[in-house]
Structure formats: structure tokens, C-alpha cells
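So the chains spell out like this:
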Amino acid sequence: MKKCLQRTYMGIIFIFLYAPIITLIVLSFNKSKTRAKWGGFTTKWYIDLFKNRAIMQALYNTLAIALLSAAIATVIGTIACLAMTRMKKRDRAILMGITNIPMLNADIVTGISIMLLFISFGIKFGFGTILIAHITFNIPYVILSVNPRFKQLNHSIYEAAVDLGCTPVQAFFRVVVPDIMPGILSGFFMAFTMSLDDFVITHFTKGPGVDTLSTKIYTEVKKGIKPEMYALSTIIFVSVFIILLAVNLKPEKKEK
Amino acid sequence: MSRKYLAAPYLLWALAFVLIPLGMIVYYGLTDSNGAVTLSNILAISSPEHRKALYLAIGLSLISTVLCLLMGYPLAMILASTGMGKGAFVVLVFILPMWMNFLLRTMAWQTLLEKNGVINNLLGVLGLPPISIINTGGAIILGMIYNFLPFMVLPIHTSLSKIDVNVVNAARDLGANGFQVFFRVILPLSIPGVISGITMVFIPALTTFVISNLLGGSKILLIGNVIEQEFTQTGNWNLGSGLSMVLMIFILVSMITTFITDKEEA
């Protein structure tokens, strides 16, 4: 009885979370151009999508920014975590406080604050400004997932490696990095996802002519969204779903 | 050992792109377009239209936060108790939707909620009266819950899974019934998660301009919409910054609350 109730409740929440996604997938096969009507099944939008240069450019920008910002944030964040292991408690607390600012701050405030900075220093808005903004809000995700790994790290292993003749750099890459790798990977993955899904901060830091998928969709909202957009997001969603499923099911099988 | 100097790149980055930009908001918020110091940008919050937008935003985001808590807490408990919460499953369920663009997901609710939308058609088939919440505060609340529910569930789930099973068992052995175990053991121990969940839902809900834009029609203006328009349409950065400073007071309060509970936990 209790289990049944629990299952039903989970089911309802699941429907709530995924109903819009299913709607979008259905719309991507809709022959009619408006959202409101079902005009029959078609795969036309999936073919048109690859001919639409504006969408392809936006996709390229989105992926490039997500990849670059996540990678740079991972490097800066991991190095900062390494530094924190040798810091005094008070210094570490200050650094973690600074790290929490972009996490807890409202996106709109983060966005306009960076926009005002660029305006004041006369920096031209474009790809670079979006990238800087994304790195800024991605670093905290990396730090928060790498830092716990450093705390669990057994420090004597590093010292043993140095005693046995490794240089500190060698010891870091051969001993420490493999140990903290899961944290680095999940930090990178979180950062990549956040960058991909961001609209608000990009909205304030982008220049005219440079669009990511989010900003492109936002300008299309008033005119009506192009069905190719539904097709593209369906492709992205389904491929990520398959990848995540494959990655997550594998280790479980091994355990059995 | 000079290892701590490795923090320099991050510190410089944070200084340049987190701290100085926040200072810019304060600078613009406290000056007028000629650069003279003024409080008028901040006091502008008390004008009727701005005050209405602020109160509406506070009201809608409070309702959404409470509903998120009521929906999310049982969900977090189920996830923690069935062991399904261990590892990848939770992440899979809650992070996966983020790969479908946030604007499109929110837009899809329009299709679902419209007068002749999917939900009303379903209700019609079941012989129930149609609902019309699109372009109302109700639709905005729904959009807020939809977008921010994961931020409530994940921290509560984290603090629930940290609770030692033996503590719960001890309470049972000592004669506590289900309600007593929940209210006197589980709930108090999960408070840090609840507080961080509340701030992580309330702040983005309070400051959103996208959800109100997409689901509230163009008639409902929240404080986020007002600020966004000052920056992208009117071009009055000083006023926009002043109003943002008012929002930052709310953010500051929630940051301090989180800090205090964080410290107690540690």
C-alpha cells in the first residue's frame, strides 16, 4: 500500500517534469507550422534543420561556448581547489564565500553586473564576452564538485610519490589527478550543462549578430518558433538520454 | 610551500568578473546619468508601478517556494528511502530535462495550458470543466515550480540521505510512532537541506523575467521584467541598477541564512 502510493506520487511528478519534453518531441513531427494544431506526421523539419544556416550557427556557438567555458572553468577551478588544500581555514572560507556568490546570486544580477563591466571598459560584445560570462558562472560548479574529492584525498600517497623521486608536478598528474578524476568529470559535466541551458546571462552579455540557441529561441518566441528548433532539441535530448543511460547502466551491471 | 599561490588565477578571475561587476551595479545604482550621487534610483522602488511589480514577484515566488517544498519534500523522502536516490538515478531524472532548452520547455506549457490545449482536451474527454490559467499568475507559478522543483529536491535529498538510519531506528525502539519520528527526528535533521532548497527556489523565482514573459502574457510585469526592460529597452542603466540593488538585499539575506546553516552543519 505504502509502496503503491509512493510509486503513484513519483509517477505524477515524473509526468509533470516530462510532459513539456514529450510535447516538444511530438511537435517536432507536426506537419502544421503552428503549435496549436496537429497537421499530420512529418520528418520534414529534421531535414530542413540541416539546411537552416542560422540555427546551425547558433548550435555551433552554443556548443563551442559550452565546451570552452566548461574546460577553462575546470582548469581554473581544479587549480583553485589544489591551492585551497594548503590554505589557512580563514582564507579558505573567504574563497568559498566568493565561490558561493555566483551560485546564490540571481542570474539577472550576475548578467547585468558583467554587462555593466564590459560597457564601462568599452569591451565589444560578442562571442568573447559570452564566453567570459559563462566561465565565471561555471567555476563554482567545478569547485563544489572537485573540492570534496580533495578533502577525501590521502595526502601521504602524494608525499610517498615525491619521496620515491617524482617531481611535485609528476606526483600531481600521476597520483592526485587520477584520484580526483570523478570530481573533475562531474564538475565539467555540470558546467557544460549549465552553460548549454543558460539564457539569462547570455541575454545580457551577447552582442548583436551573435546568437546561441537560447537567445535565438527567445527572439523567435514572438514571431513563432520555427519547427526546426523542436527537431534540433529532440535530437539533442534523445542523444544525451541514450549516452547517460549507457554510462549509468554499465557500472551497475559490473557490480552484479 | 607556495602551493596556495595557485589560487591566484581564480582569485583574479573572481575579482575581475564577480566582485568588480557587483561594484559596478552599486556605482550605477547610486549615481545618475551625469555621474552625480543620488538615491533616487533606489527610492524609485516605491513608485506605484515598481512597488506593484515587486509585491507581485514576492507573492508569486513565495507561493511557488511553499508549493515546491510541499511537493519536493515527500519526493526527496521517497528517493532517499527506496534507495533509488543513490547515485545516478536522481541526477538522471532531474538533470536530463536541462538538456532540452529551458525556454522551449517553458514554452511547451503554453501548448499544454492553452484554451484548446492538450490539458483542456484531456479534461474534455473525461467530462471535466476546462481550466484557463494561461496568461495568469497561476501559469507563472506553475512555470516557477516546473523550473525550480529540482533545486528544492536535490538539497533536501542530500541532507536526508546523510541521516544515520540507526538514529531513526533508535527513535522507533524507544517508542516513537511514525509522526513522532518524522517531526522530532527526520525533519529537524533535514533543516539545512530545506533552507538551502528554499533559497535556491525563492531567489530565481523572485528575479525571473523569462517565465513571466512566456507564461504570463505581456500584461503581468514582475520586478525582473522591469529591470530587464530598463537594460534592454529603455537603456536606463542607473535605474535598472538601483532596482537590482533592492533585489540584492533579498539575495544577501538568503546568502547569510545559508552561511549560518552551513556553519552549523560543519
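Residues numbered from 1 in each chain as written. Chains lettered and ligands numbered in written order. Predicted model: local features only at pLDDT ≥ 70, side-chain atom pairs only at ≥ 80, totals over all residues. Heavy atoms only, no water.

## Topic: the overall build of chain B
Scanning chain B from N- to C-terminus turns up 13 helices and zero strands. Listed by position from the N terminus, the elements making up chain B come as α-α-α-α-α-α-α-α-α-α-α-α-α. Seen along its three principal axes, the alpha-carbon backbone of chain B occupies a region of about 70 × 70 × 35 Å. Counted over contacts in chain B with a minimum sequence separation of 6, partners at least 24 positions apart contribute 69%. (Helix = DSSP H or I, 4+ residues; strand = E, 2+ residues; numbered from the N terminus. Contact = heavy atoms within 4.5 Å.)

## Structural notes on the interface of chain A and chain B
Quite often, the size of an interface is put as the accessible area lost when its parts meet. Chain A puts 80 residues into the contact, and the matching count from chain B is 75 residues. Summed over both partners, the interface of chain A with chain B comes to about 7500 Å²; 80% of that surface belongs to carbon and sulfur atoms. When the buried surface of chain A facing chain B is broken down by residue, A:Phe16, A:Arg35 and A:Leu104 rank first, second and third, together holding 9% of it. Counting across the interface, chain A meets chain B through one salt bridge. Between B:Arg105 and A:Asp197 there is a salt bridge, and its shortest N-O distance comes to 3.2 Å. (Buried area = accessible area lost by both parts, 1.4 Å probe. Salt bridge = Lys/Arg side-chain N within 4 Å of Asp/Glu carboxyl O.)

## Considering the packing of helix H7 (residues 137-161) of chain B against helix H10 (residues 191-207) of chain B
Residues and elements named next belong to chain B. Across the interface, H7 lies against H10 with an axial gap of 7 Å and an inter-helix angle of 160°. What the angle tells us is that H7 and H10 run roughly antiparallel. As for how H7 packs across H10, the hand of that crossing is right-handed. The residues of H10 that touch H7, namely those facing Met 144, Phe 148, Phe 151, Met 152, Pro 155, Ile 156 and Ser 159, are Gly 193, Val 194, Ser 196, Gly 197, Ile 198, Met 200, Val 201, Pro 204 and Ala 205. (Axes fitted to C-alpha atoms, helices over the stretch in contact; angles between N-to-C directions. Parallel < 35°, antiparallel > 145°, perpendicular 65-115°, else oblique. Left-handed = near helix turned anticlockwise from the far one by under 90°.)

## Concerning the pattern of salt bridges
Residue and element names in this part refer to chain A. By the definition in use, this model includes seven salt bridges over all chains. Between Glu 220 and Lys 216 there is a salt bridge; the shortest N-O distance is 3.9 Å. Remark: Lys 216 and Glu 220 occur in helix H10 (residues 213-223); sequence separation between them is four residues, near one turn of the helix. The exposure class of Glu 220 is buried, given its relative accessible area of 3%. Here Lys 216 falls in the buried class, since its relative accessible area comes to 15%. When the shortest N-O distance is used, the salt bridge between Glu 220 and Lys 226 registers 3.7 Å. The structure contains a network of salt bridges with shared partners spanning Lys 44, Asp 48 and Lys 51. (Buried < 20%, exposed > 50% of the residue type's maximum accessible area, 1.4 Å probe, protein only.)

## Some words on empty space enclosed by the protein
Under the counting rule described, the total for this entry stands at five cavities of 30 Å³ or more. Each pocket or cavity is described by its volume, and for the largest cavity that value is around 150 Å³. In terms of lining, the largest cavity is formed by 17 residues, of which the most central are A:Leu213, A:Ser233, A:Ile236, B:Trp99 and B:Asn101. For the lining of the largest cavity, the elements supplying multiple residues, two or more each, are helix H3 (53-84), helix H8 (168-197), H10 and helix H11 (227-255) of chain A. (1 Å grid on protein atoms, 1.4 Å probe; cavity = no way out; pocket = protein on both sides within 12 Å on 5 of 7 lines; lining within 4 Å. Points joined across faces, edges and corners; volume = space filled by probe spheres on them.)

## Comments concerning the environment of B:Val18
Within the secondary structure, B:Val18 is located in helix H1 (residues 8-29). A relative accessible area of 9% places B:Val18 in the buried class. Apart from residues lying up to four places away in sequence, B:Val18 is in contact with A:Ile101, A:Pro102, A:Thr136 and B:Trp13.

## Regarding the layout of surface pockets
Within this model, the second largest pocket holds a volume of roughly 360 Å³. Lining the second largest pocket are 17 residues, and of these A:Thr23, A:Arg35, B:Thr111, B:Gly117 and B:Val118 lie nearest its centre. Here the lining of the second largest pocket takes four residues from helix H6 (residues 118-125) of chain B, the largest share from any one element. Partitioning the lining of the second largest pocket into residue classes produces eight nonpolar, six polar and three charged. (Nonpolar A, V, L, I, M, F, W, Y, C, P; charged D, E, K, R; others polar.)

## Comments concerning the side chain of A:Asp198
Among the structural elements, A:Asp198 can be located in the loop between H8 and helix H9 (200-205). A polar atom in the side chain of A:Asp198 sits 3.4 Å from the backbone nitrogen of A:Ile201. (Polar contact = N/O pair within 3.5 Å; in protein donor to acceptor, adjacent residues only side chain to side chain.)

## Examining H8(A)
Over its 30 residues, H8(A) runs only 38 Å from end to end, short of the ideal 44 Å by more than 12%, given 1.5 Å per residue. Roughly 55° is the biggest bend found in H8(A), and it falls at A:Val177, with proline A:Pro178 one to four residues downstream. (Expected span 1.5 Å × (residues − 1). Bend = angle between axes of the 7 residues up to and from the residue.)

## Details of helix H6 (residues 127-152) of chain A
The first and last C-alpha atoms of H6(A) sit 38 Å apart over 26 residues, in line with the 38 Å expected at 1.5 Å per residue. The largest bend along H6(A) reaches roughly 30° and is located at A:Asn138, with the proline A:Pro140 sitting one to four residues downstream.

## Considering unusual backbone geometry
Residues and elements named next belong to chain B. The phi dihedral of Asn 135 is positive, around 65°, even though this residue is not glycine. Relative to the helices and strands, Asn 135 is located in the loop between H6 and H7. The exposure class of Asn 135 is partly exposed, given its relative accessible area of 44%.

## Side note on the nonpolar core
Among the nonpolar cores identified, the biggest contains 160 residues, and A:Phe150, B:Tyr10 and B:Val210 are the most heavily contacted of them. Other than its neighbours up to four places away in sequence, B:Tyr10 contacts A:Ile76, A:Ala80, A:Leu95, A:Ile98, A:Thr99, A:Ile139 and A:Ile143. (Core = buried A, V, L, I, M, F, W, Y, C linked by side-chain atoms within 4.5 Å.)

## Some words on the packing of aromatic side chains
What the rule picks out here adds up to 22 aromatic pairs over all chains. Between the aromatic rings of B:Trp13 and B:Phe17, the centroid separation amounts to 4.8 Å while the plane-to-plane angle is 55°, which identifies the pairing as tilted. Here B:Trp13 pairs with B:Phe17, and both are found in helix H1, just four residues apart, close to one helical turn. Each member of the pair, B:Trp13 together with B:Phe17, is buried. When the ring of B:Tyr28 is compared with that of B:Trp237, the centres are 6.4 Å apart and the planes differ by 80°; the resulting orientation is edge-to-face. Placement of B:Tyr28 in helix H1 and of B:Trp237 in helix H13 (residues 237-265) is noted, with a sequence separation of 209 residues between them. One aromatic cluster in this structure is built from A:Phe199, A:Phe204, A:Tyr218, B:Phe209 and B:Phe231. (Phe/Tyr/Trp six-rings, centres within 6.5 Å; stacked < 30°, edge-to-face > 60°.)

## Description of the confidence of the model for chain A
With 97% of its residues at a pLDDT of 70 or more, chain A shows a mean pLDDT of 88. Per-element confidence in chain A ranges from a low mean pLDDT of 78 for H11(A) to a high of 95 for H9(A). (pLDDT = per-residue confidence, 0-100.)

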